Amino acid sequence: MSNRIRRCPDDLRYTLSLVCPVCGQPSRPAHPARFSPEDRYGDYRRAARRWNTSK
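The model shown is predicted, which means the values in this text are computed figures rather than measured ones. (Residues numbered from 1 in each chain as written. Predicted model: local features only at pLDDT ≥ 70, side-chain atom pairs only at ≥ 80, totals over all residues. Heavy atoms only, no water.)

**Points about the sheet that holds strand S1 (residues 6–7)**
Strand order in the open sheet formed by three strands is S2-S1-S3, and the pairing between neighbours is antiparallel. Of all strands in the sheet, those bounded by a partner on one side alone are strand S2 (14–15) and strand S3 (28–29). Summarising the sheet, S1 and S3 pair through two bridges and their orientation is antiparallel. Each residue of the ladder has a partner; that of arginine 6, found in S3, is proline 29. (Pairing = 2+ DSSP bridges. Helix = DSSP H or I, 4+ residues; strand = E, 2+ residues; numbered from the N terminus.)

The structure is reproduced here in structure tokens:
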């Protein structure tokens, strides 16, 4: 069990476990990653997000 809150992407419930207790799907962190001005891969990540959402 982790000590940070997580969220199930399917039924949008919050949990502390790595697996949703209701649907059994893996949960994801509820908050975005920390911002760092020295992020070397930020440009690549934003470009990949634009490629994946522009369908």
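**Topic: unusual backbone geometry**
The backbone of leucine 12 shows a phi angle near 60°, a positive value even though the residue is not glycine. Take leucine 12: it is sitting in the loop between S1 and S2. Of the residues examined, leucine 12 reaches a relative accessible area of 49% and is grouped as partly exposed. (Buried < 20%, exposed > 50% of the residue type's maximum accessible area, 1.4 Å probe, protein only.)

**Considerations on the environment of arginine 4**
Here arginine 4 lies in the segment before S1. Judged by its relative accessible area of 58%, arginine 4 is exposed. The spacing of arginine 4 and proline 29 is 25 residues in sequence and 7.7 Å in space, taken between C-alpha atoms. Once residues within four sequence positions are removed from consideration, arginine 4 is found in contact with Thr15 and Leu16. (Contact = heavy atoms within 4.5 Å.)

**Some thoughts on a nonpolar patch on the surface**
Together, Ile5, Tyr14 and Leu16 make up an exposed nonpolar region whose accessible area comes to about 290 Å². Among the structural elements, isoleucine 5 can be located in the segment before S1. Note on isoleucine 5: relative accessible area 38%, which makes it partly exposed. (Patch = residues over 30% accessible without salt bridge, like charges linked within 9 Å, V, L, I, M, F, W, Y side chains within 5 Å. Areas by Shrake-Rupley, 256 points an atom, 1.4 Å probe, with all protein chains shown as cover. Salt bridge = Lys/Arg side-chain N within 4 Å of Asp/Glu carboxyl O.)

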